[in-house]
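Each chain, written out:
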Amino acid sequence: FATKAAIAIENARLFEDQRNRVLELQTIQGIVREMTSLHENDAIASAVERGLHRLIDFEDRIIYVVNESSGMLQPILAATGRDGPKRLSKVPRRPRILGEGISGWVWQHAESTIFESTRTDHRVSDDVRASGIDMSVMASPLMHHGRVSGVITVGTPGVASYDENALRVLEIIANHAAIGFDRCRLYDELQLQATTDDLTGLFNRRHLARRLSEEKSR
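Attention here is on the structure that accompanies the text. (Residues numbered from 1 in each chain as written. Predicted model: local features only at pLDDT ≥ 70, side-chain atom pairs only at ≥ 80, totals over all residues. Heavy atoms only, no water.)

A few points about the side chain of Ser 125
So, point 1. Within the secondary structure, Ser 125 sits in the loop between strand E3 (113-115) and helix H4 (126-130).
So, point 2. Residue class for Ser 125 comes out buried when judged on its relative accessible area of 8%.
So, point 3. Within polar-contact distance, the side chain of Ser 125 engages the side chain of Arg 96 at 3.4 Å.
So, point 4. When neighbours within four sequence positions are excluded, Ser 125 is seen to be in contact with Arg 96 and Gly 101. (Helix = DSSP H or I, 4+ residues; strand = E, 2+ residues; numbered from the N terminus. Buried < 20%, exposed > 50% of the residue type's maximum accessible area, 1.4 Å probe, protein only. Polar contact = N/O pair within 3.5 Å; in protein donor to acceptor, adjacent residues only side chain to side chain. Contact = heavy atoms within 4.5 Å.)

Dropping the structure here:
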């Protein structure tokens, strides 16, 4: 009886693991499918957040993208839906330089990492430590064409709340998100090229004709 019970328990565990993997794949496919029709960073960030919330337990998240002109990580403040996670109001949201805090460290080292406690980890920035919140944090770089284009961080109150499996899920979603954000960048560049003159940087005839039509209608 004990042997049969052990086999039944193991089968149940394997079934649960398989069901979780199927959920992961379906959620990731849903995120990718949704991102293909989006062309704005905040819309991409919202889609990523909704997908992450189905797979990882977190109460706060910050998605950064590298701002090429300023050379800093710029946070994207996507709107949180009714079913999304509650944001921790004390967690600072501001641009980060290379090597600054959790996101800056991940940007510098291009490495996904689990930070078990924001109160004791020396890599945590001073403003996060001053907030007084002790959190477990995971962070993963947005890697595209061999370079870091941003960072995703998720956190929840408590110590050592994440494991390697959760980090693996975050890395997979971060890789797909990197493609989505890069597509937004290319879309903006194409929009700029289509409406401006390469030599002077001034608006071209196509843009002026469209604006004239808009003003006539108004």
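Some words on helix H1 (residues 2-35)
So, point 1. Its 34 residues place the ends of H1 49 Å apart at the C-alpha level, agreeing with the 50 Å of an ideal helix rising 1.5 Å per residue.
So, point 2. Inspection of H1 places Glu 24, Thr 27, Ile 28, Ile 31 and Met 35 among the buried residues, and these make up the whole buried set. (Expected span 1.5 Å × (residues − 1).)

Some points on the pattern of salt bridges
Note that side chains of opposite charge can pair when their charged atoms are close.
So, point 1. Under the criterion given, the structure shown has 17 salt bridges.
So, point 2. A salt bridge links Glu 34 to Arg 50, with the shortest nitrogen-to-oxygen separation between them at 2.3 Å. Of the two residues, Glu 34 is situated in helix H1 and Arg 50 in helix H2 (residues 41-55); the sequence distance between them amounts to 16 residues.
So, point 3. By relative accessible area, Arg 50 is classed as partly exposed at 46%.
So, point 4. The salt bridge partner of Arg 210 is Glu 214, with a shortest N-O separation of 3.9 Å. Of the two residues, Arg 210 and Glu 214 are both situated in helix H6 (residues 205-217); the distance of four residues between them amounts to about one turn of the helix.
So, point 5. Here Arg 210 falls in the partly exposed class, since its relative accessible area comes to 39%.
So, point 6. Of the residues examined, Glu 214 reaches a relative accessible area of 39% and is grouped as partly exposed.
So, point 7. Three or more residues are tied together by salt bridges with common partners; here these are Arg 210, Arg 211, Glu 214, Glu 215 and Arg 218. (Salt bridge = Lys/Arg side-chain N within 4 Å of Asp/Glu carboxyl O.)

Details of the sheet that holds E3
So, point 1. The sheet built from five strands is open, its strands ordered E2-E1-E5-E4-E3 with antiparallel pairing. Each having just a single partner strand, strand E2 (72-76) and E3 make up the two edges of the open sheet. On average, each strand axis in the sheet is inclined to that of its neighbour by 25°, with strand direction left out of account.
So, point 2. Strand direction decides the pairing type here: strand E4 (residues 135-144) and strand E5 (residues 147-157), joined by 10 bridges, are antiparallel. Paired with Ser 140 across the bridge in E5 is Ile 152.
So, point 3. Where helix H3 (residues 101-109) meets the sheet, its contacts fall on strand E1 (60-67), E2, E3, E4 and E5, and the angle it forms with E5 comes to roughly 145°. (Pairing = 2+ DSSP bridges. Axes fitted to C-alpha atoms, helices over the stretch in contact; angles between N-to-C directions.)

Observations regarding the nonpolar core
So, point 1. Core analysis: the biggest nonpolar cluster contains 30 residues, and Val 48, Leu 52, Met 138, Ile 152 and Phe 181 have the highest contact counts within it.
So, point 2. Discounting chain neighbours no more than four positions away, the residues touching Val 48 are Met 35, Ile 63, Ile 152, Ile 173 and Ala 177.
So, point 3. In this structure, Ile 62, Met 135, Ala 139 and Val 148 belong to the second largest nonpolar core, which totals 18 residues. (Core = buried A, V, L, I, M, F, W, Y, C linked by side-chain atoms within 4.5 Å.)

Topic: the packing of aromatic side chains
When we look at a pair of aromatic rings, we describe it by the centre distance and by the angle of the planes.
So, point 1. For the structure shown, the criterion picks out one aromatic pair.
So, point 2. Look at Trp 105 and Phe 115: their rings are 6.2 Å apart centre to centre, the planes differ by 90°, and that puts the pair in the edge-to-face class. Of this pair, Trp 105 sits in helix H3 while Phe 115 is found in strand E3, placing the two residues 10 residues apart along the sequence. With respect to class, Trp 105 is no different from Phe 115; both count as buried.
So, point 3. Between Arg 123 and the ring centre of Trp 105, over which it is positioned, the NZ or CZ distance is 4.7 Å. (Phe/Tyr/Trp six-rings, centres within 6.5 Å; stacked < 30°, edge-to-face > 60°. Lys NZ or Arg CZ within 6 Å of the ring centre and 35° of its normal.)

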